[in-house]
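Chain by chain, the residues:
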Amino acid sequence: MDDVTQRLADRLARIRAERNLSLDQLAALSGVSRATLSRLEKAEASPTTAVLSRLCAAYGLSLSQLMATVEDGFAAHIRRADQFVAREGGQGYVRRQVSPAGGGLAAEVQDCRLAADTELRQDAPSVPGQEHHLILTSGSLRVELDGRAHDLEQGDSLRYRPHGPLRIAAGPEVAKYLLIRVSH
């Protein structure tokens, strides 16, 4: 077990305790089994991105907010090789954490890539009402949120605070965009 796994395990246990949740209650909220939660909190297993995303949704945190709490201090310079990269299953979605939140910083920057003719869906945001800024750097996107569709072309930006379902669909080319999320 590495040091990051232990710090993450400790942080997960502290968050659950701060919210006065039993393992059974957290399992019901997150959809993660009680046994898995117990192993994670004891650092007997390393969580997948999918499991961490479920826990973050249950806690109302973004994944980067959680990870920032287990990092060592504040790093001003983050080399590309050290940036966290998440690949979402077979969806063709890759997200690189260019600049994570934490260390007193309220914003995080993600460099995202969505494969051509694919979509990303969220039933609910991990942090409802969190400020987002999406800047499309190449390709095209259709973003559907709050009952409205927004068609973006290269160079366009979209500012929003999601409260409900979100759908992001790439056009016939790979879509590349920056996503800035600001915590208040």
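Note that the structure is a prediction, hence the values are computed from the model and not measured.

Student: Tell me about the layout of surface pockets, and please be specific about residues and values.
Tutor: Of the voids in this model, the largest pocket is the one considered here, and its volume is about 750 Å³. Taken together, 30 residues make up the lining of the largest pocket; nearest its centre are Ser53, Glu88, Arg95, Arg121 and Gln122. Considering each element in turn, the lining of the largest pocket owes the most residues, six residues, to helix H4 (residues 49-59). Partitioning the lining of the largest pocket into residue classes produces 15 nonpolar, nine polar and six charged.

Student: Summarise the side chain of Arg167; cite the residues concerned and give the values.
Tutor: With respect to the helices and strands, Arg167 occurs in strand E9 (residues 166-170). Engagement of the side chain of Arg167 in a polar contact is seen with the side chain of Glu119, the distance being 2.9 Å. Contacts of Arg167, omitting those with residues within four sequence positions, involve Glu119, Leu120, Arg121, Arg142, Val143 and Glu144.

Student: Talk me through the sheet that holds strand E3 (residues 107-114); I want residue IDs and the actual numbers.
Tutor: The antiparallel open sheet is built from six strands, whose spatial order is E1-E2-E3-E10-E5-E8. Lying at the two open borders of the sheet, with one neighbouring strand each, are strand E1 (85-88) and strand E8 (157-160). Pairs of neighbouring strands in the sheet enclose a mean axial angle of 20°, with direction left out of account. Where E3 and strand E10 (residues 175-182) come together, eight bridges link them in antiparallel fashion. Residue pairing in the sheet places Glu108 in a bridge with Arg181 of E10.

Student: Any chance you could break down the pattern of salt bridges for me, citing the residues and the numbers?
Tutor: For the structure on display, the rule yields 11 salt bridges. One salt bridge in this structure joins Glu18 and Arg11, with 3.6 Å as the shortest N-O distance. Judged by its relative accessible area of 51%, Glu18 falls in the exposed class. Across the pair Arg34 and Asp24 runs a salt bridge whose closest N-O atoms are separated by 3.2 Å. With Arg34 in helix H3 (residues 34-41) and Asp24 in helix H2 (residues 23-30), this residue pair connects regions lying 10 residues apart in the sequence. Classification of Arg34 by relative accessible area gives partly exposed; the value is 42%. Note on Asp24: relative accessible area 49%, which makes it partly exposed. Linked through salt bridges whose partners overlap, the residues forming this network are Glu119, Arg121, Arg142, Glu144, Asp151 and Arg167.

Student: Outline the environment of Phe84, supporting the account with residue identities and numerical values.
Tutor: Within the fold, Phe84 resides in the loop between helix H5 (63-68) and E1. Distance in space between the C-alpha atoms of Phe84 and Arg96 is 5.8 Å, their sequence separation being 12 residues.

Student: Tell me what's going on with the sheet that holds strand E4 (residues 119-122), and back it up with residues and numbers.
Tutor: Where strands meet in a sheet, backbone hydrogen bonds hold them as pairs that are either parallel or antiparallel. The sheet built from four strands is open, its strands ordered E4-E9-E6-E7 with antiparallel pairing. Across the chains shown, the open sheet's two edge strands, defined by having one partner strand only, are E4 and strand E7 (148-153). The mean angle between the axes of side-by-side strands here comes to 10°, regardless of whether they run parallel or antiparallel. Of the strand pairs in this sheet, strand E6 (residues 140-145) and E7 are connected by six bridges, and their pairing is antiparallel. Paired with Ser140 across the bridge in E7 is Glu153.

Student: Kindly report on the state of the cysteines, identifying the contributing residues and their values.
Tutor: The full count for this structure, using the stated rule, is zero disulfides. Of all cysteine sulfurs, the one in Cys112 lies closest to Cys56, which takes part in no disulfide; the gap is 16 Å. The buried category is assigned to Cys56, whose relative accessible area is 2%.

How each quantity is defined
- Residues numbered from 1 in each chain as written.
- Predicted model: local features only at pLDDT ≥ 70, side-chain atom pairs only at ≥ 80, totals over all residues.
- Heavy atoms only, no water.
- 1 Å grid on protein atoms, 1.4 Å probe; cavity = no way out; pocket = protein on both sides within 12 Å on 5 of 7 lines; lining within 4 Å.
- Points joined across faces, edges and corners; volume = space filled by probe spheres on them.
- Helix = DSSP H or I, 4+ residues; strand = E, 2+ residues; numbered from the N terminus.
- Nonpolar A, V, L, I, M, F, W, Y, C, P; charged D, E, K, R; others polar.
- Polar contact = N/O pair within 3.5 Å; in protein donor to acceptor, adjacent residues only side chain to side chain.
- Contact = heavy atoms within 4.5 Å.
- Pairing = 2+ DSSP bridges.
- Axes fitted to C-alpha atoms, helices over the stretch in contact; angles between N-to-C directions.
- Salt bridge = Lys/Arg side-chain N within 4 Å of Asp/Glu carboxyl O.
- Buried < 20%, exposed > 50% of the residue type's maximum accessible area, 1.4 Å probe, protein only.
- Disulfide = S-S within 2.5 Å.

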